[in-house]
Amino acid sequence: PEQAALVLNASRRFRYTLDLKKEEEKEIIRRTIRSHAQVIRAVFLFKEAGENDPREAYTGIKFTTASRGFPIEMEKLKTLNRDHDSVLLQEIRGVKGLSDLLKSNLDRGINPTEDELLQRRDVFGANTYPRKKRKSILRFVFDACKDLTLIILMVAAAISLTLGMATEGVKEGWYEGGSIFLAVFLVILVTATSDYRQSLQFQHLNEEKQNIQVEVLRGGKRFRTSIFDLVVGDVVPLNIGDQVPADGILISGHSLAIDESSMTGESKTVHKDQKAPFLMSGCKVADGYGSMLVTGVGINTEWGQLMANLSEDNGEETPLQVRLNGVATFIGMVGLSVAGVVLGVLAIRYFTGHTKNPDGTVQFRAGTTGLKQGFMGAIRILTIAVTIVVVAVPEGLPLAVTLTLAYSMRKMMLDKALVRRLSSCETMGSATTICSDKTGTLTLNKMTVVEAHFIGTRLDPCDDVRAISSSSAALLIEGIAQNTTGTVFLPEDGGAADVTGSPTEKAILSWGLKIGMDFNDVRSKSSVLHVFPFNSEKKRGGVAVQSDTGVHIHWKGAAELVLSSCKSWLSLDGSVQPMGAQKRNEYKKSIEDMAKSSLRCVAFAYCQCDIEKIPKEDIADWKLPEEDLTLLGIVGIKDPCRPGVRSAVQLCKNAGVKVRMVTGDNIETAKAIALECGILDANGVISEPFVIEGKAFREMSEIARGEIADKITVMGRSSPNDKLLLVQALKRKGHVVAVTGDGTNDAPALHEADIGLAMGMSGTEVAKESSDIIILDDDFTSVVKVVRWGRSVYANIQKFIQFQLTVNVAALVINVIAAVSSGDVPLNAVELLWVNLIMDTLGALALATEPPTDNLMKRQPVGRREPLVTNIMWRNLFVQAIYQIAILLIFNFSGKKILRLQNESPDNAEKMKNTFIFNTFVFCQIFNEFNARKPEERNVFKGVTKNHLFMGIVCVTTVFQILIVEFLGKFFKIVRLNWSLWLVSVAIGVVSWPLAYLGKFIPVPVRPLQAYFKPCWKSSRRDEEEGRQG
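Predicted model, so just to flag it, every value in this text is computed and none were measured.

So, how was this worked out
- Residues numbered from 1 in each chain as written.
- Predicted model: local features only at pLDDT ≥ 70, side-chain atom pairs only at ≥ 80, totals over all residues.
- Heavy atoms only, no water.
- Helix = DSSP H or I, 4+ residues; strand = E, 2+ residues; numbered from the N terminus.
- Contact = heavy atoms within 4.5 Å.
- Areas by Shrake-Rupley, 256 points an atom, 1.4 Å probe, with all protein chains shown as cover.
- Salt bridge = Lys/Arg side-chain N within 4 Å of Asp/Glu carboxyl O.
- Buried < 20%, exposed > 50% of the residue type's maximum accessible area, 1.4 Å probe, protein only.
- UniProt positions renumbered as here; feature names shortened; annotations may be inferred.
- Phe/Tyr/Trp six-rings, centres within 6.5 Å; stacked < 30°, edge-to-face > 60°.
- Lys NZ or Arg CZ within 6 Å of the ring centre and 35° of its normal.
- Core = buried A, V, L, I, M, F, W, Y, C linked by side-chain atoms within 4.5 Å.
- Domains from an automatic or database assignment.
- Pairing = 2+ DSSP bridges.
- Axes fitted to C-alpha atoms, helices over the stretch in contact; angles between N-to-C directions.
- Parallel < 35°, antiparallel > 145°, perpendicular 65-115°, else oblique.
- Nonpolar A, V, L, I, M, F, W, Y, C, P; charged D, E, K, R; others polar.
- 1 Å grid on protein atoms, 1.4 Å probe; cavity = no way out; pocket = protein on both sides within 12 Å on 5 of 7 lines; lining within 4 Å.
- Points joined across faces, edges and corners; volume = space filled by probe spheres on them.
- Patch = residues over 30% accessible without salt bridge, like charges linked within 9 Å, V, L, I, M, F, W, Y side chains within 5 Å.
- Arc of directions from axis to C-beta.
- Left-handed = near helix turned anticlockwise from the far one by under 90°.
- pLDDT = per-residue confidence, 0-100.
- Polar contact = N/O pair within 3.5 Å; in protein donor to acceptor, adjacent residues only side chain to side chain.

## Focus: the overall build of the protein chain
Within the protein chain, the secondary structure is distributed over 37 helices and 26 strands. Counting contacts in the protein chain only where the partners sit at least 6 residues apart, residues at least 24 apart contribute 72% of the total. Accessible surface for the protein chain amounts to roughly 48,200 Å². Of this, 57% is attributable to carbon and sulfur atoms.

## A short note on the pattern of salt bridges
Note that side chains of opposite charge can pair when their charged atoms are close. What the rule picks out here adds up to 37 salt bridges. Salt-bridge contacts for R458 lead to E451; the nearest nitrogen and oxygen are separated by 3.9 Å. The closest approach of N and O atoms between K723 and D746, which form a salt bridge, is 3.4 Å. One end of the pair, K723, is in helix α26 (residues 720-732); the other, D746, is in the loop between β24 (737-741) and α27 (747-752), and 23 residues separate them in sequence. Exposure remark for K723: the relative accessible area of 4% places this residue in the buried category. Linked by salt bridges that have partners in common, K538, R540, K623 and E626 make up one network.

## Remarks on unusual backbone geometry
The linkage connecting D460 with the following residue, P461, adopts the cis geometry, with an omega of 0°. As for its placement among the helices and strands, P461 is situated in the loop between β11 (457-459) and α17 (470-482). Positive phi is not limited to glycine here, since H84 has a value of about 50°. Looking at where H84 falls in the secondary structure, it is placed in the loop between α3 (74-83) and α4 (86-91). For H84, a relative accessible area of 27% corresponds to the partly exposed category.

## Quick notes on the UniProt feature "transmembrane region" (unreviewed entry) in the protein chain
Here the UniProt-annotated "transmembrane region" (unreviewed entry) positions come out as residues 140-161, 173-192, 327-351, 381-407, 800-820, 872-893, 949-969 and 981-999. Secondary structure across residues 800-820 comprises 100% helix and 0% strand; the distance between its end C-alpha atoms is 30 Å. Taken end to end, residues 949-969 has its terminal C-alpha atoms 29 Å apart, with 95% of it in helix and 0% in strand.

## Points about the packing of aromatic side chains
Per the counting criterion, the structure on display carries 18 aromatic pairs. Taken together, a centroid distance of 5.6 Å and an interplanar angle of 75° make the contact between Y997 and F1001 edge-to-face. Owing to a relative accessible area of 46%, F1001 belongs among the partly exposed residues under this scheme. Joined through ring pairs, the aromatic side chains of F923, F927, F930, F941, F950, W982 and W993 make up one cluster. Over the ring of W569 we find K583, and its NZ or CZ is 4.3 Å from the ring centre. Looking at R933, its charged tip hangs above the ring of F950, at a distance of 5.6 Å from the centre.

## Some remarks on the nonpolar core
Among the nonpolar cores identified, the biggest contains 127 residues, and I679, I773, F780, F918 and F921 are the most heavily contacted of them. Each of domain 3 (323-406 + 788-1007) and domain 4 (417-444 + 642-778) accounts for three or more of the residues forming this core. Once residues within four sequence positions are removed from consideration, I773 is found in contact with M412, A417, L418, V419, R420, S424, I755, G756, L757, A758 and V786. L89, L101, I249 and L293 belong to the second-largest nonpolar core, a separate cluster that totals 42 residues.

## Some thoughts on the sheet that holds β24
What the 8 strands build is an open sheet, ordered β8-β26-β25-β24-β9-β21-β23-β22; its pairing is mixed. Pairing within the sheet leaves two strands with one partner each, and these edge strands are β8 (417-419) and β22 (691-693). Neighbour-to-neighbour, the strand axes of the sheet open up by a mean angle of 20°, direction not taken into account. The sheet strands contacting α26 are β9 (433-436), β21 (658-662), β23 (714-716) and β24, and the helix crosses β24 at an angle near 170°.

## Let's talk about the pairing of strand β16 (residues 550-558)
Burial analysis of β16 places 8 of its 9 residues in the buried class, which makes it a mostly covered element. Looking at chain direction, strand β15 (residues 540-547) and β16 are connected through 8 bridges and run antiparallel. Directly across from V543, in β16, lies its bridge partner H554. Counting the residues between successive antiparallel strands, the hairpin from β15 to β16 contains 2 residues. Note that β16 and strand β19 (residues 599-609) share 8 bridges and pair antiparallel. Bridge pairing links H552 to Q608 in β19.

## Describing the packing of helix α31 (residues 871-898) against helix α32 (residues 906-933)
Each pair of packed helices can be described by the angle between their axes along with the distance between the axes. For the pair α31 and α32, the least separation of the axes is 9 Å and the interaxial angle reads 170°. If you check the angle between α31 and α32, you find them roughly antiparallel. Split by residue class, the contact of α31 with α32 holds 8 nonpolar, 9 polar and 3 charged.

## Thoughts on empty space enclosed by the protein
Considering all chains together, one arrives at 7 cavities of 30 Å³ or more under this definition. Each pocket or cavity is described by its volume, and for the largest cavity that value is around 100 Å³. K799, T853, L856, R859 and R933 are the residues nearest the centre of the largest cavity, which is lined by 15 residues in total. At 4 residues, helix α29 (residues 780-822) tops the list of elements feeding residues into the lining of the largest cavity.

## Here we look at a nonpolar patch on the surface
There is a patch of nonpolar side chains on the surface, built from V956, V959, F960, L963, F967 and L968 and spanning about 530 Å² of accessible area. Relative to the elements of secondary structure, F960 occurs in helix α33 (residues 948-967). Classification of F960 by relative accessible area gives partly exposed; the value is 42%.

## Comments concerning the environment of D259
Its place among the elements puts D259 in strand β4 (residues 247-259). For the pair D259 and C283, spaced 24 residues apart in sequence, the C-alpha separation works out to 5.9 Å.

## A closer look at the environment of V602
For V602, the position within the fold is in strand β19. Residues V602 and I637 lie 35 residues apart in sequence; the distance between their C-alpha atoms is 7.7 Å. Aside from chain neighbours lying at most four places away, what touches V602 is T504, I508, K556, G557, A559, G633, I634, V635 and I637.

## Looking at helix α36 (residues 992-999)
Along α36, the residues that are buried comprise S992, A996 and G999. One side of α36 holds all its buried residues, which, seen down the axis, span an arc of 65°. Along its buried surface, α36 packs onto α31, α32 and α35 (979-990).

## Side note on the packing of α32 against α36
Between α32 and α36, whose axes approach to 9 Å, the crossing angle comes to 30°. When the interaxial angle is binned, α32 and α36 end up roughly parallel. When you trace α32 past α36, the crossing you get is right-handed. In this structure, α32 contributes F927, N928, F930 and N931 to the contact, and α36 contributes S992, W993 and A996. Considering only residue class, the contact of α32 with α36 consists of 4 nonpolar, 3 polar and no charged.

## So, the confidence of the model for the protein chain
Averaged over all residues, the pLDDT of the protein chain equals 82, while 87% of them reach at least 70. Note that residues 1-20 has pLDDT below 50 and, in this model, 9 contacts with residues that lie over four places away or in other chains. Taken together, the stretch residues 1016-1021 has pLDDT below 50 and engages in 0 contacts with residues farther than four places along the chain or on a different chain.

## Topic: the environment of R466
Inspection of the secondary structure assignment puts R466 in the loop between β11 and α17. Residue R466 is classed as exposed on the basis of its relative accessible area, which comes to 74%. Separated by 49 residues in sequence, R466 and I515 have C-alpha atoms that sit 9.1 Å apart. Side-chain polar atoms of R466 contact the side chain of D464, separated by 2.9 Å.

## A look at the side chain of N919
Checked against the element boundaries, N919 lands in helix α32. For N919, the residues in contact, after removing those within four places along its chain, are Q961, V965, L977, W982 and S985.

Below, the structure is given as structure tokens:
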């Protein structure tokens, strides 16, 4: 049949019936059209492929529609970075093909013009990542509102406000509750603003920490720039200890090993070569050196995405903050107990009818006083008790630490020190010894070759090589040009050569140019087979190079160590002569003489190698021959002492801080520099154990190291591990140790030390991450400034504690005695909140920002376990507190008579007396603030005008006090004072100055006051334990 009808069941028939023959014909026509279309499309694609780059066919990258001017799509670049796609990299002809697509040059980098950099940032993104939104000031206001005592005060104020308006009407009834609300709001606002400002400062410092300086090649020239300025297409040289600044592909490298633990979590290092060329941002160079092509920056890297999702933690609590929180809690408990007693006493006196008004009438009579009035009285009593707690709880103590740390960190930045860990600010004040590097810290790190010994004789001048045969000079120049991590850039306009690299490399390359080296020409005539990067353990670096004359192994390093590996030397005519005992001693004598002249000695040696001995595969594991070498020559490099180092070392000695030099240099060079810097005394002992070699110290037993650690002043030829052993030995002896370091291998010693100080200019990123403070200018004088600031932090906290405890003791005692004796307090809730603001926030701001003085460096270091409140502070505190309590209690009980207020009405006389007590109390604190500036010195005014913030706060406090008394009487429940009472108030405050001066003549015991109570406390504890056992 021609048609087929498909029927599922009798009741339901398909409307569509299939004509199979016609459908088959239609399908044939469709296939024909499709095949024709595919052929036509293939022809067009083939034509287009012939016109365009053939790589499109492999990669799928549409070069005509790629990333705005760059023939590669952003997504493909992301895939390459994310997936480490080796196949895709091969398809675009490796790193060379990729650099062409990114319009970069592997030898010269990108064009350094501003337009070029802007275009690349626009297309591929900047090397930054979005920061987490910081807390707004409203959040800080909310946090300040969480204070329990302030919440209780606000509840009491709300009840007082409601009852006041109900009983006295809206016009008069809102003052008491409203004024407490206003005072609480002011405290919250000042606290929140202060916290917000500190958070901004810490955020700025965190950004400084992340702003790493990296080396980049642009337009054929190397220079340093911020990591944030890198763009896709940049060529970045990598050296041991560097952080990989962006995602990239390895261009070339020698023994390059990367620590990828920050990204993968695995601690083993990964060797990078052309088989594994992918480099991840945020990883560290563990060994070797090389260069990379940047292919991904900022948020387009895994590191960028990770950092964008992390927020910098500013919640670090320093040891001093922990101690002060304990002090604040203890004082708060005392205040709470006192407030409880006052609450009980006032309540009992009030409800038993013993509390009277100024006119003599009883405030509460059972059965006759109304409910509202009675409730109002109870609320007033509760408010007084809560306010006593507010005054007693010294919440300003932790705030003072934050303020002084933030201030010190900001000022330390100006003194070229970047704080990475807050606690180090405090610890530095307790440092008893500083183990310092020599090169770059005690010296300028500006090196020049000033002496040279070649062909068995000294060159004079040092760059006169006319006596050396051409073959010997060629060998030496080959070693200088190839065995280096530095570069020489010759400008096209014929200007002076630009030499880059470490200071030692720059000195040797500059000397090489003087003796006729053509850097680029020499490097083009031979190829590098394998490199042994300079190692601070072996103190030498080597390279194997192949040229037309064969394979040479060149070594360069510490002169006496290289000399010990030499079996021959190069003579005048270029022939190789055996190294006899006499010749070896001649060279040793030359090295010693140069070292005694403070010169760093570097030797050059080489040996020939048969090409058959070079491994064909796994050349990366080949160990370069380092024995049977031929000595080419020795140079002496001058690195002058930094100006000001000698006086800085003397300052440390006066401050009880011993400076020790730990250097990898020759022991004679170390001694010469130590004498120049004043670390060693020319009249003292300059031998073991005061001056020791790292090897000798290393080979001692732990007990022996502990015995001589204190005596060691100079350690020469030390390895990073020797520095670590010295730090550990000194810490076991009870020292607080500060250590400077710049190399990757210094990281363990920096981490182990109490304070690790990394060098900002010469230091590696690994060293910086292990440190607590970065010395931005690498100068030892900056290290001493850090010690000053560390001591200043501690001193400022002590000043504030003395000031605050004086206010606490005086306010508590006055209110308790007055409450118990008369049932009322002279200082009401709003007045005490104003005093709380003066002593907590404003007091902290004034005293915590005192700059360091020279006097700080005349004291011995502060011990770790020394009490925060010294005997001198207790003496000053008691002198002022007793004076304030005595004067104010006399005026509280006999004020009306003394101030001649008998003619006034009882209510007005009481208000005038209380106003006078409040005014006098505030002025006592204002004048005592000056005394707190110098707890130990008799002249408290020295340098006061230089501290503009202190003077500003004192002036602001005084102005506000005048405004409060004269214009805000209704809020504070006070009255205006006449000019005579003002003068008396100020005069009583001024008396605190001569009193403080005389008080400092009172001798204090050496033993801390707290120590006298410890035996009692211990014996009571022992009795308790014996009781339990019984």
